[in-house]
Amino acid sequence: MTSESGADLRPVPRIDHVMVLLDASAHEEVAACGFLSERFGRLREKTADSSVAGQYRTLGVAGDSSLIELFSAGMPGLGSLTGGLVFSFEEPGSSLAARALLDASGQVKYHHDLVKRTVAGSAEQQPWYHLISVDLGEGSPLLLFLNEVTPEYFEAVGARPDADGALRRRDYLNAVVGAPGGSSLLMRDITGVTLLVRAERARRIAGALSVFGYAMTEDAGPPELRGPDMTIRLRINESAPERITEIQIRLAEGGHEPVEFQFGETSRLVVDADSTARWIFDQPG
């Protein structure tokens, strides 16, 4: 989907998935939690061989069009990373248009790559998605990606483009995770993320997303970036470890009992009675 401003068409990045690093104990307890797979969302363990990240495994918890991707702290190659936000464009050609807008802003540095993956039955790695990695500053423990998947990816996972050619997040998520079986699962989609960051990191995140229509508000309390379908809350701290501290999730309408789960000492899922949930992440002691 694009947003029209005057005569210009602006590609709209929508939240695709949120990456969070968990300590090994919390990661194991999430994987073993029956409530998550039976009542909350679609769970998927992923093993990938990427031209950018190498070989890795993650645990995903999926809603309709977005996913929470949980990494274990014991995974090699992560370095100082603690998490990241991954947005995606659904219309072919959006990545090129997005790069032109970022260049025109004159203020946003980024790296672009065509990420390839090893696919069963193919001798060569296949083009998987166009990656725009926003420069959040040297040594950033957080990532900000703007991606556009390729038609080859859709074909490889068995997803079908829309009639207008759009590569919908919902369709490829259904293909790789499996379509929801009935309406019993609670998780619909991610609606917000809270970041604990340095002021300079917040400035860079806001600068990149404002190019695509995210608006900064500071009317009441800490600053927030508001987009078409989610809010990014920025908690500024110059000394605390930078990380994702909370993910806000919209749940299915209808009655359900409030419940809370603790995973290890650093992660807590709170399901409220008002069709919302909060997944909270604490710093290891």
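On a predicted model such as this, the values are computed, not experimentally measured, just so you know. (Residues numbered from 1 in each chain as written. Predicted model: local features only at pLDDT ≥ 70, side-chain atom pairs only at ≥ 80, totals over all residues. Heavy atoms only, no water.)

### Section: the overall build of the chain
Applied cut-off: Strands here are runs of E lasting at least two residues and helices are runs of H or I lasting at least four, both read from the DSSP assignment and numbered beginning at the N terminus. Remark: exposure states derive from per-residue accessible area (1.4 Å probe, protein chains only) relative to the maximum for the residue type, with buried under 20%, exposed over 50%, and partly exposed in between. Every residue pair with non-hydrogen atoms within 4.5 Å of one another is taken to be in contact.
In terms of helices and strands, the chain carries 6 helices and 18 strands. The burial tally for the chain puts 49% of its 285 residues in the buried class. Across the chain, every contact between residues at least 6 apart in sequence was considered, and the portion connecting residues at least 24 apart equals 63%.

### A word on the environment of proline 241
Within the element layout of this structure, proline 241 appears in the loop between β14 (231–236) and β15 (243–251). Once residues within four sequence positions are removed from consideration, proline 241 is found in contact with Leu196 and Gln283.

### A word on helix α1 (residues 24–32)
The line we're drawing: Starting at the helix axis, one direction is taken to each C-beta atom, and the arc is that of these directions. Two N or O atoms form a polar contact when they lie within 3.5 Å of each other; inside protein one atom must be a possible hydrogen donor and the other a possible acceptor, and for residues adjacent in sequence the pair counts only when both atoms belong to side chains.
Those residues of α1 not exposed but buried are Ala26, His27 and Val30. Take α1 and look down its axis: the buried residues cluster within an arc of 100 degrees, on one side only. Exposed and facing more than 90 degrees away from the buried side of α1 are Glu28 and Ala32. Measuring from the side-chain oxygen of the N-cap residue of α1 to the backbone nitrogen of serine 25 gives 3.1 Å; that N-cap residue is aspartate 23.

### Some thoughts on the confidence of the model for the chain
Where the model shows low pLDDT, its predicted coordinates should not be examined in detail. So the rule is basically this: Every residue is assigned a pLDDT by the predictor, reflecting its confidence on a scale from 0 to 100.
Residues at a pLDDT of 70 or more form 89% of the chain, whose mean pLDDT is 88. Low confidence marks residues 3–7, where pLDDT is under 50. Its contacts with residues over four positions away, or in another chain, come to 5 contacts.

### A look at the environment of arginine 226
Tracing the backbone through its elements, the reader meets arginine 226 in strand β13 (residues 224–226). Each C-alpha atom of the pair arginine 226 and glycine 192 lies 9.1 Å from the other, and the pair is 34 residues apart in sequence. With sequence-adjacent residues up to four places away left out, arginine 226 is seen in contact with Gly213, Tyr214, Ala215, Thr217 and Thr231. Polar side-chain contacts of arginine 226 include one of 3.0 Å to the side chain of glutamate 224.

### Overview of the pattern of salt bridges
As a reminder of what qualifies: Salt bridges are defined as contacts in which a side-chain nitrogen from Lys or Arg sits within 4 Å of a carboxyl oxygen from Asp or Glu.
Under the criterion given, the structure shown has 15 salt bridges. The residue arginine 204 makes a salt bridge to aspartate 135 at a minimum N-O spacing of 3.5 Å. Placement of arginine 204 in helix α6 (residues 199–210) and of aspartate 135 in the loop between β9 (126–134) and β10 (142–149) is noted, with a sequence separation of 69 residues between them. Classification of arginine 204 as partly exposed rests on a relative accessible area of 24%. A residue is classified by how much of its surface remains accessible, and aspartate 135, at 32% relative accessible area, is partly exposed. Here the salt bridges do not stand alone but share partners, grouping Glu90, Glu91, Asp162, Asp164, Arg168 and Arg169 into one network.

### Some remarks on the pairing of β14
How we decide: At least two bridges found by DSSP between two strands is the condition for calling them paired.
In this sheet, β14 lies alongside strand β11 (residues 187–197) in parallel orientation, the contact comprising 6 bridges. For valine 197, the partnering residue across the bridge sits in β14 and is isoleucine 236. The sheet contact formed by β13 and β14 spans 3 bridges and is antiparallel. Paired with arginine 226 across the two strands is threonine 231, which belongs to β14. Taken together, β13 and the strand that follows it, β14, pair antiparallel across an intervening segment of 4 residues.

### Notes on the nonpolar core
The test is simple: We define a nonpolar core as any set of buried Ala, Val, Leu, Ile, Met, Phe, Trp, Tyr and Cys residues linked to one another through side-chain atoms lying within 4.5 Å.
Of all hydrophobic cores here, the largest spans 54 residues; its most connected members are Phe40, Phe87, Ile232, Ile244, Ile247 and Trp279. Excluding residues within four positions of it along the chain, isoleucine 247 makes contact with Val18, Val20, Ile68, Ile190, Gly192, Ala277, Arg278, Trp279 and Phe281. Core analysis: the next-biggest nonpolar cluster, separate from the first, contains 15 residues, Val115, Leu131, Phe145 and Ala159 among them.

### Quick look at helix α3 (residues 94–105)
How we decide: Helix span, expected: 1.5 Å multiplied by one less than the number of residues in the helix.
For α3, with 12 residues, the first-to-last C-alpha span of 16 Å sits near the 16 Å given by 1.5 Å per residue. Those residues of α3 that sit buried are Ser94, Ser95, Ala98 and Leu102. Mapping the buried residues of α3 onto a view down its axis gives an arc of 95 degrees, with all of them on the same face. Facing away from the buried side of α3 by more than 90 degrees, the exposed set consists of Leu96 and Ala104.

### Brief notes about unusual backbone geometry
The phi dihedral of serine 275 is positive, around 65 degrees, even though this residue is not glycine. Serine 275 gets classed as buried once you look at its relative accessible area, which sits at 12%.

### With respect to the pairing of β15
Within β15, 8 of the 9 residues are buried, which leaves it mostly tucked inside the rest of the structure. Of the pairings in the sheet, the one linking β11 to β15 comprises 8 bridges and is antiparallel in character. In the sheet register, isoleucine 190 faces β15, and the bridge partner there is isoleucine 249. Where β15 lies against strand β18 (residues 276–281), 5 bridges are found, and the strand directions are antiparallel. Considered in β18, the bridge of isoleucine 249 is made with alanine 277.

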